[in-house]
Amino acid sequence: MATNPLHQFEIIPLVPFKVAGLNLAFTNSALLMILTVLISAALMIIPMRRAAIIPGRWQNIPELFYEFIQGLVRDVIGPSGMRYLPLVFTLFMIVLLGNLLGMLPYSFTITSHIIVTAALGVGVFLIVTVMGFVNHGWHFLSLFAPSGLPKFIYLILIPIEIISFLSRPITLAVRLCANMTAGHTVLKVFALFSVQMGIIMGLGPMIMNSMIVALELLVAVLQAYIFTILTCVYLKDSVELHH
Amino acid sequence: MEVNTAKLLAAALALLPLFGVGLGLGKIFSAFIEAVGRNPGAKKDVFQIGLIGAAMTESIAIFALVVSLILIFVVK
């Protein structure tokens, strides 16, 4: 039995495959990523095949998610941000299902690896920067210098604004990754306690563990929501500059 | 003091901002509960703003964590 609480984050090659010294094995991480995409696509496509004006039980699932994210985008970015809805919706579904599938026993949490969340975070950052320059041209740089302040404050403010802009992908990535890693480690540590304390005494950590599972489900949904809402807040900068 | 010990101690000290972050998060959510108690109709809007504030506060903790991890794994 693996007694290391960090054992769950190990990437195991399921189908070893090497091309010219490059390790291209099909790992458990890749399997869970494919599952995430397949499940989120199936959740959206299959119930909507026979779409009715009055939604049935199954059609409610995609409509619930869609209207939730639609309301979020409309509230945060504004009506002109609806063209970003597919991006935001996809990000939400990927992060949510990645978090939730990781809660299954013996599975693997793809969002607990910083490379996955960093790819998402850097992607969001690049889209915000590129779309900001596309929408506003060089005027986008006025994001770093809010107008209507005394002149000498700009000396301090502009470097701070630039640093906080550049640290956005880091905070996006590390927040999701650290939350997932910490929560899952706590789960496994408590599971280890109940294994070591025997059948009767071990019930205590087990009850505690089931409460932490509930907390982790909340964190999984909440972190997906926070990732989405921060993406919307960042996209708002590239859609409309506040002066 | 050995270099390794000093490094680990510095990494632990770099996490001190968590004190302030904890206070700040508690303050955000206590204000959230108070606002919802006064005006339950505004729950949805206040929740959204509160979460953005919590995420911004958390990013201080993330910076501290990154500094700490750099001290452990990068600094030779």
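What counts, and at which threshold
Residues numbered from 1 in each chain as written. Chains lettered and ligands numbered in written order. Predicted model: local features only at pLDDT ≥ 70, side-chain atom pairs only at ≥ 80, totals over all residues. Helix = DSSP H or I, 4+ residues; strand = E, 2+ residues; numbered from the N terminus. Buried ≥ 20, exposed ≤ 12 C-beta atoms within 10 Å, placed from the backbone. Contact = placed C-beta atoms within 7 Å. Nonpolar A, V, L, I, M, F, W, Y, C, P; charged D, E, K, R; others polar. pLDDT = per-residue confidence, 0-100. Core = buried A, V, L, I, M, F, W, Y, C linked by C-beta atoms within 7 Å. Axes fitted to C-alpha atoms, helices over the stretch in contact; angles between N-to-C directions. Parallel < 35°, antiparallel > 145°, perpendicular 65-115°, else oblique. Left-handed = near helix turned anticlockwise from the far one by under 90°.

Within chain A one finds eight helices and four strands. When the backbone C-alpha atoms are referred to their principal axes, chain A occupies close to 70 × 55 × 50 Å. Sorting the 243 residues of chain A into buried and exposed places 27% on the buried side. The contacts of chain A with a sequence gap of at least 6 include a subset with a gap of at least 24, amounting to 62%.

A word on the interface of chain A and chain B. For an interface, size is often stated in terms of accessible area lost upon the parts coming together. Across the boundary between the two partners, chain A contributes ten residues, which contact nine residues of chain B. The element that contributes the greatest number of residues to the side of chain A that touches chain B is helix H6 (residues 168-196) of chain A, accounting for five residues. Classifying every residue of the side of chain A that touches chain B by side-chain character gives seven nonpolar, one polar and two charged.

Further remarks concern the confidence of the model for chain A. Of the residues in chain A, 98% reach a pLDDT of 70 or more, and the chain-wide mean stands at 87. Per-element averaging of pLDDT across chain A places strand E3 (residues 22-23) of chain A at the bottom with 78 and helix H3 (residues 85-101) of chain A at the top with 93.

What follows is about the nonpolar core. Counting residues in hydrophobic clusters, the biggest one holds 42 residues, and the most contacted among them are Val73, Phe92 and Cys232 of chain A. Contributing elements (two or more residues each) for this core: helix H2 (60-76), H3, helix H4 (114-136), H6 and helix H8 (203-239) of chain A together with helix H3 (43-73) of chain B. Excluding residues within four positions of it along the chain, Val73 of chain A makes contact with Gly81, Met82, Tyr84, Leu85, Val88 and Cys232 of chain A.

Residue and element names in this part refer to chain A. Contact pair H4 / H8: the axes reach a minimum separation of 8 Å and the direction vectors enclose 20 degrees. On the basis of the axis angle, H4 is roughly parallel to H8. Along this stretch, H4 crosses H8, giving a crossing that reads as right-handed. Residues Val124, Val128, Met131, Gly132 and Asn135 of H4 form the contact with H8, whose participating residues are Thr231, Tyr234, Leu235, Asp237, Ser238 and Val239. Along the lines of polarity and charge, the residues of the contact of H4 with H8 split into six nonpolar, four polar and one charged.

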